[in-house]
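Results of the structural survey
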Amino acid sequence: MNKTKVNLDKKISASYEIFIGEDILDRIGMIITKNNCASRYVIITDSNVAILHGERLLTTLKETGLKIDMIEFPAGEASKNIDTTLDIIKKLIDIGIDRRSALIALGGGVVGDIVGFVASTYMRGIPYYQIPTTLLAQVDSSIGGKTAIDLPEGKNLMGTFYQPKGVFIDLSFLKTLPSREFNSGMAEIVKYGIIDDTELFDLLESKTKAIKDKDITLLSTIIGKSCRIKKGIIEIDEKETGLRRILNFGHTIGHAIEAESDYSISHGDAVSIGMVAATRISQKLKYLPSEDRKRIEHLIKATGLPCRIPISISTEGILARLKVDKKKEDDANKFVLLKKLGMPFVNGGVPEEIARETIEELKG
Ligand SMILES: NC(=O)c1ccc[n+]([C@@H]2O[C@H](COP(=O)([O-])OP(=O)(O)OC[C@H]3O[C@@H](n4cnc5c(N)ncnc54)[C@H](O)[C@@H]3O)[C@@H](O)[C@H]2O)c1
């Protein structure tokens, strides 16, 4: 099992470790016991993960002597709301959870986001651990302490920054993960290669078959590298006031495409198309050499991720959504663009014509 430390604000209390390995559930119990941050624990998970892995984790942690319960809620983004949050909080009160207790988020980004939010607000804040079970959660959402729930007015509009006490990444969870969810995580891994680590990019380029075969040794390497990249960025900019924004590469147009498709396009596919769009815009604005653009598009295709926007999705609809994007500041959309592979920057103003031309080009 490998471990990586996330050092925040030079305050030891806010720092935590990310453990990565295969079949590590038994060791998770030992580490939690050793950390001794609570006298009682509650696993919170969704209905899919509860069936696949919940009982196994509950039993394993009980065997290590932890006093532990489990709560579940219906799987899916539709649950990431205030009703589910209040429902969880009521259940915690009912079973007598107090300030000496800690939560354990077992699941994908939806579970991690809600549990982090509940932990940050329940009795003014109790500790929590992340046990991410999707590839996206393992390389992205479980690290960095962003918690959130959705409101009727939009996604992630209510939330906090609240760091977990530890993150446990068990690769064996990936064996049950559907391909659509696997691709969501792969899109984020490719993003890290593009924005931060040309060595990771080269590795991905040379191992596209092993990626498609979900080779566990390769996955362990690229998940480890991805976690270290995300940790490095959030150590510098925990609250997304600057550098952390580069993690939004591909997400601006991606979110607009995802929403315009009424969420029939998955988040990962939308981010993947969004990265192609941001790459093309970077070349059109004469920042990025065409050789780098070709390599990026080739890698995205070779890993089985999409590059094209379905013809049925309206260009004007995407542009309208870009205008109301919550990251919009003043009149200009904030796009993360590239100067070259491994060198992203935040650009305040992409002319609408260039965005329109790029979207049209990617249709079909
Ligand atoms: N906090 C952050 O920094 C951050 C970053 C990125 C995304 N997010 C959030 O993460 C959410 C998306 O996360 P996600 O893609 O993990 O989605 P998700 O949590 O909805 O999981 C996707 C699906 O996979 C199922 N699942 C989870 N693990 C499984 C496993 N091992 N085997 C089989 N099925 C499994 C889930 O039940 C669900 O149906 C969004 O709400 C997004 O806003 C947060």
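Everything numeric in this text was worked out from a predicted model, so none of it was measured. (Residues numbered from 1 in each chain as written. Predicted model: local features only at pLDDT ≥ 70, side-chain atom pairs only at ≥ 80, totals over all residues. Heavy atoms only, no water.)

1. Points about helix α7 (residues 198-206)
Within the span of α7, buried status applies to Leu200, Phe201, Leu203 and Leu204. When α7 is viewed along its axis, its buried side chains cluster within an angular range of 165° and face the same direction. Every exposed residue of α7 that faces more than 90 degrees away from the buried side is listed here: Glu199 and Ser206. Tucked into the core, α7 has its buried residues touching α6 (179-195), α8 (208-212), α9 (216-236) and α12 (290-302). Where α7 begins, the capping side chain belongs to Asp197, and its oxygen is found 3.0 Å from the backbone nitrogen of Glu199. (Buried < 20%, exposed > 50% of the residue type's maximum accessible area, 1.4 Å probe, protein only. Helix = DSSP H or I, 4+ residues; strand = E, 2+ residues; numbered from the N terminus. Arc of directions from axis to C-beta. Contact = heavy atoms within 4.5 Å. Polar contact = N/O pair within 3.5 Å; in protein donor to acceptor, adjacent residues only side chain to side chain.)

2. Section: the sheet that holds strand β2 (residues 16-21)
With mixed pairing, the seven strands of this open sheet are ordered in space as β1-β2-β9-β6-β5-β3-β4. Only two strands of the sheet have a single partner each, and these edge strands are β1 (2-6) and β4 (68-73). Each neighbouring strand pair of the sheet contributes to a mean axis angle of 20°, computed without reference to strand direction. Both strand β5 (residues 101-107) and strand β6 (residues 128-132) contribute to a ladder of five bridges, which runs parallel. The partner of Ile104 across the bridge, within β6, is Tyr129. Against the sheet, helix α3 (residues 82-94) makes contact with β3 (40-46), β4 and β5, and its axis sits at roughly 155° relative to β4, the strand it touches most. (Pairing = 2+ DSSP bridges. Axes fitted to C-alpha atoms, helices over the stretch in contact; angles between N-to-C directions.)

3. Some remarks on the domain arrangement of the protein
With domains assigned, the protein is organised as domain 1 (2-176) and domain 2 (179-361). One C-alpha centre belongs to domain 1, the other to domain 2; they are set 27 Å apart. Counting from both sides, the interface comprises 25 residues of domain 1 and, opposite them, 26 residues of domain 2. Summing the contributions of domain 1 and of domain 2, the shared interface buries around 2,300 Å²; its carbon and sulfur component is 69%. (Domains from an automatic or database assignment. Buried area = accessible area lost by both parts, 1.4 Å probe.)

4. Focus: the nonpolar core
Grouped together as the largest cluster of nonpolar side chains are 71 residues, with contacts concentrated most on Leu135, Met186, Val190, Ile194, Leu204, Ile222 and Ile223. Setting aside residues no more than four positions away along its own chain, Val190 makes contact with Leu204, Met275, Leu299, Ile300, Thr303 and Leu305. Membership of the second largest hydrophobic core comes to 22 residues, among which are Ile24, Leu57, Ile68 and Ile104. (Core = buried A, V, L, I, M, F, W, Y, C linked by side-chain atoms within 4.5 Å.)

5. Concerning the packing of aromatic side chains
If you walk through the whole model with that rule in mind, you get four aromatic pairs. Pairing Tyr129 with Phe168 gives two aromatic rings, centres 5.8 Å apart and planes at 35°, and the pair type is tilted. Placement of Tyr129 in strand β6 and of Phe168 in strand β9 (residues 166-170) is noted, with a sequence separation of 39 residues between them. According to the relative accessible area criterion, Tyr129 is buried, its value standing at 0%. (Phe/Tyr/Trp six-rings, centres within 6.5 Å; stacked < 30°, edge-to-face > 60°.)

6. What about the site of the ligand?
Taken together, 26 residues form the shell around the ligand, and within it Asp46, Glu77, Thr133, Thr134 and Thr176 come nearest. Thr133 has a polar side-chain atom sitting 2.7 Å from a nitrogen atom of the ligand. Looking at the shell around the ligand, the elements with two or more residues in it are α2 (47-63), α4 (109-121), α5 (135-141) and β8 (154-161). If you tally residues by element for the shell around the ligand, the top one is α2, at four residues. Among the residues forming the shell around the ligand, the class breakdown is eight nonpolar, nine polar and nine charged. (Near = heavy atom within 4 Å. Nonpolar A, V, L, I, M, F, W, Y, C, P; charged D, E, K, R; others polar.)

7. Quick word on the side chain of Gln138
The residue Gln138 is located in helix α5 in this model. A polar side-chain atom of Gln138 sits 3.1 Å from the main-chain carbonyl oxygen of Pro132. The contacts of Gln138, once residues within four sequence positions are left out, are Pro132, Thr133, Ile143, Ile169, Asp170, Phe173, Leu174, Ile223 and Cys227.

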